[in-house]
Each structure stands twice: as C-alpha cells, then as structure tokens.
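Summary of the model geometry
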Amino acid sequence: MRAHERRDAETSRKSDAVRATAAPAQVRDPLPAAELARLQGVLGNSEVAKLVERGRGGGNPVAAGHPVQRMALPEFQAELQQHGLAGDSDFITFFEIRRTSGDIDDKKNPADPGAVVQDATPGSQERLRRLVEKPHVTSEFVRAEIAEYQSGEADGEKGSRKQPKGLDNPRVVGLEIELGNVNLDVPEGESVKNTDLLASTAEQTEVGRPVLQLEVEGMGRSGDVPSVELIYGPLTSAEYGSAALLTARENLRKALGTKGNLKERILSYNKTLRTAAEKRYKLTPATRSAKLRTSSHVTPNSNQQTNVSTPYGKLGWRPEKADDKDFEKFFNRPEQVDAVRYRKAREGGAALAAEVAERWRARTQGPEVRWPNLRSLLTQVLFQEVQYKYYDVTRGAESPDDKHRFHVMLKASPQDVVMSILSDDEAKALLAWLVEGNERELAKEVRRSYNVAPRPAADMTDDEDKLDSYGKEVAGYMRSVLVTRLLAGQQLLETVSGDARRSRVFGENREVGQVEHFHPRASNRIPITVQGSRYYMVVEQRDAGHTLNRGGPKHEWKKTVDDLQR
C-alpha cells in the first residue's frame, strides 16, 4: 500500500476525532485570556484590537469577548503560525482544494468553487479570506486540517509538479502483439500474471520505454493459460517498415515457435541478429524466463493491438468535408454504433465549447477565442459518458473487463486533460460556466449523443429530474478537477497500477491533493506528451478487424497511421 493510501485511513480517523471536539453552537464561549494573549503575541495588540472592534459591530472573530463561529483570516493565519505553517503555500493550496472541490450541496461543509471563479490568482488573499470566513470553519476545524496535512509529511509524501515530456518526434506508434500459440509452461510452485516482464532491450525510445519487450499475457481468461506478448516501442511508422525490424521480428517469431526453455530461446534469437541495426532489438532475458518453457511447435499466430500517438486537438476537430485525416478513422466503419455516437458527441462538444468561449468573452470583455483542446475535452466527456451508459459501466467502479467494451480507447482520462493540457483561461472559462449552473445543458448533450442509437437508460429519458441529477454528477467531477488544476497548477498526473484510480497532485514541495480518474482502465493510461504547444495523447485501437491491426499491406497501414497523426 502506498504511503498516501495508508495516510488516508489514518488521518480520517484523526480528523474525525478532532472535529468531534468542535462546538456546534453559533456563538462560542468567551475568548480565554490565554487565547487573547496568544493572538496578541502573533498579530500584535493593535491588530487584535481591530478584531475586537469589528466584533462589536457584528464582525467575525471577537464580539465583546464572544467569538462567533466564523473565523477571520488573521485568526486563521495565527493558527498556522502556531503550528509552524506560516508561509507554507502548499498548505494553503491543500486547504483551498478541500474547500472548493467537494460537494456544493453538502449541508455541513459545502464546497465553494465560485471562490476560484471569482479570483483564480495564485496566492490570492481575498480568495483565502472567502474560504476561511465560513460558518463551519472554526479553530478546531482548521486544526483538523493541519493534522491531516502534517500526517502526510510524516509519511514522506514529498514531491513537486512534473510537466508532460517534450518530444522531438511525438508521431510514434506502439504495437502489442500477442503470440497466441506461444504458451508458457509454469513449473509447480511458481506463478505469473499479466504484464510480468520476460525480456527487454537495452535500447530505449524517446519516451524512455524499451524498443522491444516481452510480457506475460492471457491470464484471467478461460483456462488461465499464459502466453507471450511482444510490445514494440513506441516507434515511428517508418521504423516498423525497416528491414532490420522486419528481420528481427521474423527471427523472434521462429525462435519462440520452438519448444524449449524461454531464456534459451531468447538467447538463440539474439544470435540471429547480425547487423548493428538488427542488434537494436537484442533482448535481455528477465530472471523469471529461466524458469519457464515455451510449448509451441509451430510459427505462432498473432493478435495485434495498436497504440497511436495523436494530437489531442484532433479529437474534437470536425473537417468541413470528408477527410482522410479525420479522427473518425480510428473506428472500423462509419456506420458502427460507436462511430455514430462519437460524431454526435463531437458535434455536442463543439456546441458546448462555443458557448463556454462566448460566455468567457462576454465575462472578460476580451477578444473571440478558439480553444480546440477545450472542444476535444468536452467531446471526450460526452463520448465517454455515452459509452458508459450504453455498456453499463459504473463510473468510479470500472472493472478490469470494462476496457474490452472500448475498441477505441483514449489512454488519457478527462482528468489528465484538465491537469496537463488545458490552459488557465480554458479551465477558468469552463469552471465559470459550470458554476453558473449549466449541468442540465451538459446532460442534454449526453442524451442527444446517446439517443442516436437508443437503449434503455433511466437518466437518459425525458424525466427532467433524473436528467438534472445526472448532470450534477458529471458537472461535479469536472468542477472538482478544474479547481484542483487552477489552484495546484498545470502538471502531469502520475500513472497508477492495478485497480488504483487516484493520482497525487503536487504543489511546490509536496502532495496537496488527489485526483480520481474516470476511465475504462485507469492503469492503462499513458502519459501525455508535447511538441512545442501541441499536446499528444495515445489512442488504442483494439478491434482485430481494423486496418491498424490486420497486418495488411504496409503502405495502407502506414498511410492510416500518418493520417491519424496529422
């Protein structure tokens, strides 16, 4: 279990214990002399006198010696100083994220994302004042927040923001080729699982992955028979057509198609690599390979899945006329129901993005703006929500098998896009539009996309109450990540493994929050990359019948890849 996961359970207990001591009454007991002395020592006599005077006139902190429930900013700052947190910008970010990213309808502790809409300036004292001076924010409440923050320090949750990796050539492709006839015999007492490493090259790609590696695949299916999967790159489409790679691939298939000890079969393959170009694909066997045996006697058949790095802005781009470079080429056939829903979602995403941009222009009195990444984000949200509804996928409780429903899988979550790609203005504009109460408009666009090929769904009917409830769910998770993005700053979210769905968010020196990914398989996400100002995401085509996976004519495969990367 990661340190931040251990901390979640422990600090929630601490927070509950501390908050249990908070006085529920609107007026607390008279401020003790010791507390007055402490405030005077921190703030000075004159500042405390001002607070007392404000209190007599109905102000926040001290009213004739009777402090009301609401805390004033100077009192909050004094509390921080007492706990050694004066000037700790990461605590302020931590506190503000927790005050703005939760449930806006919570009766006891409602989130206030409007504070970020009103003032998104880094380090804004006015925003902090608005978030502090709430009826539920008491000294006891703040101390509970401090305890939770400091417990994270004890667990060593240090770190800082990372940004998407800049690439000289982001137009690359990764191949996953499962060799279905190369089964692995596992000796008694040993075990393997999917993604276990069997071998890898010393040579690496620009993104830091091996040029070629072998992994275990096939577990979890009927019979639990492990097989070998070849994972290439990502490499350029030109390299896939090179003589060196084609020779190395054919030699590897032959070597693995012979029964024997896996490590020995890999070393036998290495001896067939003659030229310097071929030796780029030389494999170093992993320790476990010496314990496994291949059980195939024939040159293996293969099942391929293709991962294409493509510009994110392309997702929401709609060509004016039929265009080979359309994102729709990721789908197998134009009439395929997923393709039909994608086109409708793209249409709805463009309409919503235009509305958000126009509201922002009117709000700021600025020039007209065009935001292709915002258009793509709204397309992605609409399309993913429709697919979840159609395939009965539960948001936040996605199962390992759900990914098989998505023949075109975007390997970035909407949360990745908000945190890593959206500009400050795009995030501010979308947050403002959501805070204004446009949940129903968002839900209606999901319904329009869904109803292209109807299937019963309770909240996609004409029942406006159900539609509003659904719209609040979608708007809620979008608001949450948008305020986190604006308060913590633009950054690349870490990858996760297994069934984990949450990535840590960092401030200047440490973790300040977490983001939950809504994605068919969060552990399958691949980091976003960038070239100049153009961001790239990876899209996986999983349909065996698609041109990308058929192993057809090399020119047809290369043209399809090149079109999807422009």
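The present account deals with the structure reproduced in this document. Note that the structure is predicted; figures quoted are calculated from it, not measured. (Residues numbered from 1 in each chain as written. Predicted model: local features only at pLDDT ≥ 70, side-chain atom pairs only at ≥ 80, totals over all residues. Heavy atoms only, no water.)

**Considering the packing of helix α16 (residues 439-450) against helix α17 (residues 464-488)**
As a packed pair, α16 and α17 sit with axes 7 Å apart at the nearest point and diverge in direction by 105°. With respect to α17, the element α16 is oriented roughly perpendicular. Of α17, the residues touching α16 (which contributes Glu439, Arg440, Leu442, Ala443, Lys444, Val446 and Arg447) are Glu464, Leu467, Asp468, Tyr470, Gly471, Lys472, Val474, Ala475 and Arg479. Tallied by class, the residues present in the contact of α16 with α17 amount to seven nonpolar, one polar and eight charged. (Axes fitted to C-alpha atoms, helices over the stretch in contact; angles between N-to-C directions. Helix = DSSP H or I, 4+ residues; strand = E, 2+ residues; numbered from the N terminus. Parallel < 35°, antiparallel > 145°, perpendicular 65-115°, else oblique. Contact = heavy atoms within 4.5 Å. Nonpolar A, V, L, I, M, F, W, Y, C, P; charged D, E, K, R; others polar.)

**Looking at the side chain of Gln541**
Of note, Gln541 is situated in strand β14 (residues 534-541). A distance of 2.5 Å separates a polar atom in the side chain of Gln541 from the backbone oxygen of Phe330. Setting aside anything within four residues of it in sequence, one finds Gln541 in contact with Gln305, Thr306, Phe330, His407, Val408, His546, Leu548 and Asn549. (Polar contact = N/O pair within 3.5 Å; in protein donor to acceptor, adjacent residues only side chain to side chain.)

**Re the pattern of salt bridges**
This structure, assessed with the given rule, holds 43 salt bridges. Notably, a salt bridge pairs Glu148 with Arg98, separated by 3.3 Å at the nearest N-O pair. You can see Glu148 sitting in helix α8 (residues 139-154) and its partner Arg98 sitting in helix α5 (residues 89-100), a full 50 residues away along the chain. The class for Glu148 is buried, based on a relative accessible area of 13%. The salt bridge involving Lys193 is made with Asp196; its shortest N-O contact spans 3.0 Å. Note on Lys193: relative accessible area 52%, which makes it exposed. According to the relative accessible area criterion, Asp196 is buried, its value standing at 7%. Several salt bridges converge on common partners, so that one network encompasses Arg98, Arg99, Glu145 and Glu148. (Salt bridge = Lys/Arg side-chain N within 4 Å of Asp/Glu carboxyl O. Buried < 20%, exposed > 50% of the residue type's maximum accessible area, 1.4 Å probe, protein only.)

**Some details on the packing of helix α13 (residues 372-390) against α17**
Close contact between α13 and α17 brings their axes to 13 Å; oriented N to C, the two are set at 130°. Classified by the angle between their axes, α13 and α17 sit oblique to one another. Handedness of the α13/α17 crossing: right-handed. Across the interface between the two elements, Leu377, Val381, Glu385 and Lys389 of α13 pack against Tyr470, Val474, Tyr477 and Met478 of α17. (Left-handed = near helix turned anticlockwise from the far one by under 90°.)

**What to know about the pairing of strand β9 (residues 302-311)**
With eight of 10 residues buried, β9 lies mostly within the body of the structure. Here strand β2 (residues 173-185) runs beside β9; their pairing, made up of seven bridges, is antiparallel. Its bridge partner being in β9, Gly174 is matched across the sheet by Asn307. Here β9 runs beside β14; their pairing, made up of six bridges, is antiparallel. Directly across from Val308, in β14, lies its bridge partner Val539. (Pairing = 2+ DSSP bridges.)

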